Structure formats: structure tokens, C-alpha cells
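So you can see what is in the structure, the chains are spelled out below.
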Amino acid sequence: MDNKLHDQASAVTAEHGQVLVDGPDGVAVSLTPDAAVETSDRLLEAAVEAQGQILTKTLADKEQVALKAG
């Protein structure tokens, strides 16, 4: 698995009944429409979860700073 964190979204197109995803570093995936819908749902769910993790960490870090400044 590529451990590099990418900050640019993949390009997504529909051609000939397939969904084509062109991502960073030459990643290319062809999906059926059904697989693309399921992947989209999973990506959105994971993205929301990751944003929550970032928010939780940010709030915890601010709380620690406030406690130290006390």
C-alpha cells in the first residue's frame, strides 16, 4: 500500500458504461456503476470519520494547552 498522503482529488469520468478513476501517482481504476456507487458511499463515510478524528484531536490538543496555561 502507498503510504503517501495525497491532497488532490482523483479525476472521475464515465465512458462506455464504466466509471474511470484517475488518481495520483498513476493510479487508474475502472469500475462498474454499481461498484462506483458503493465505493463512493464508503469514501464519504470514511472521509466524515477522518474529519471527526481530526476535529477530536484538535479539540483535545487545545484542551491540553488550556490546562497547562491554567
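Residues numbered from 1 in each chain as written. Predicted model: local features only at pLDDT ≥ 70, side-chain atom pairs only at ≥ 80, totals over all residues. Heavy atoms only, no water.

Draft legend 1. A look at the overall build of the protein. A tally of helices and strands in the protein yields one helix and three strands. In the protein, the succession of helices and strands from N to C terminus is β-β-β-α. For the protein, whose C-alpha radius of gyration is 18 Å, the value lies well above the compact-globule estimate of 11 Å for 70 residues. Projected onto the principal axes, the alpha-carbon positions of the protein cover approximately 65 × 25 × 20 Å. By residue count, 9% of the 70 residues in the protein fall in the buried class. Across the protein, contacts joining residues at least 24 apart in sequence account for 0% of those joining residues at least 6 apart. Summed over its atoms, the accessible surface of the protein is roughly 6200 Å², and 58% of this surface lies on carbon and sulfur atoms. Here the protein carries 5 positive and 12 negative side-chain charges, and the mean point of each set is 14 Å from the other. (Helix = DSSP H or I, 4+ residues; strand = E, 2+ residues; numbered from the N terminus. Rg over C-alpha atoms; globule rule 2.2 N^0.38 Å. Buried < 20%, exposed > 50% of the residue type's maximum accessible area, 1.4 Å probe, protein only. Contact = heavy atoms within 4.5 Å. Areas by Shrake-Rupley, 256 points an atom, 1.4 Å probe, with all protein chains shown as cover. Lys, Arg positive; Asp, Glu negative; His and termini not counted. Charge placed at Lys NZ, Arg CZ, Asp CG, Glu CD.)

Draft legend 2. Representation of unusual backbone geometry. Here the phi dihedral of H16 falls at roughly 55°; this positive angle occurs in a residue that is not glycine. With respect to the secondary-structure elements, H16 resides in the loop between β1 (11-15) and β2 (18-22). The exposure class assigned to H16 is exposed, which follows from its relative accessible area of 80%.

Draft legend 3. Representation of the sheet that holds strand β3 (residues 28-31) in the model. Spatially, β1-β2-β3 is the arrangement adopted by the three strands of the open sheet, whose pairing is antiparallel. This sheet does not close on itself; its edge strands, each paired only once, are β1 and β3. For this sheet, the mean angle separating the axes of adjacent strands, direction not counted, is 20°. In this structure, β2 lies alongside β3, joined through four bridges in antiparallel fashion. (Pairing = 2+ DSSP bridges. Axes fitted to C-alpha atoms, helices over the stretch in contact; angles between N-to-C directions.)

Draft legend 4. Fine view of the pairing of β1. Both β1 and β2 contribute to a ladder of five bridges, which runs antiparallel. Directly across from E15, in β2, lies its bridge partner Q18. Counting the residues between successive antiparallel strands, the hairpin from β1 to β2 contains two residues, one of them, H16, with a positive phi of roughly 55°.

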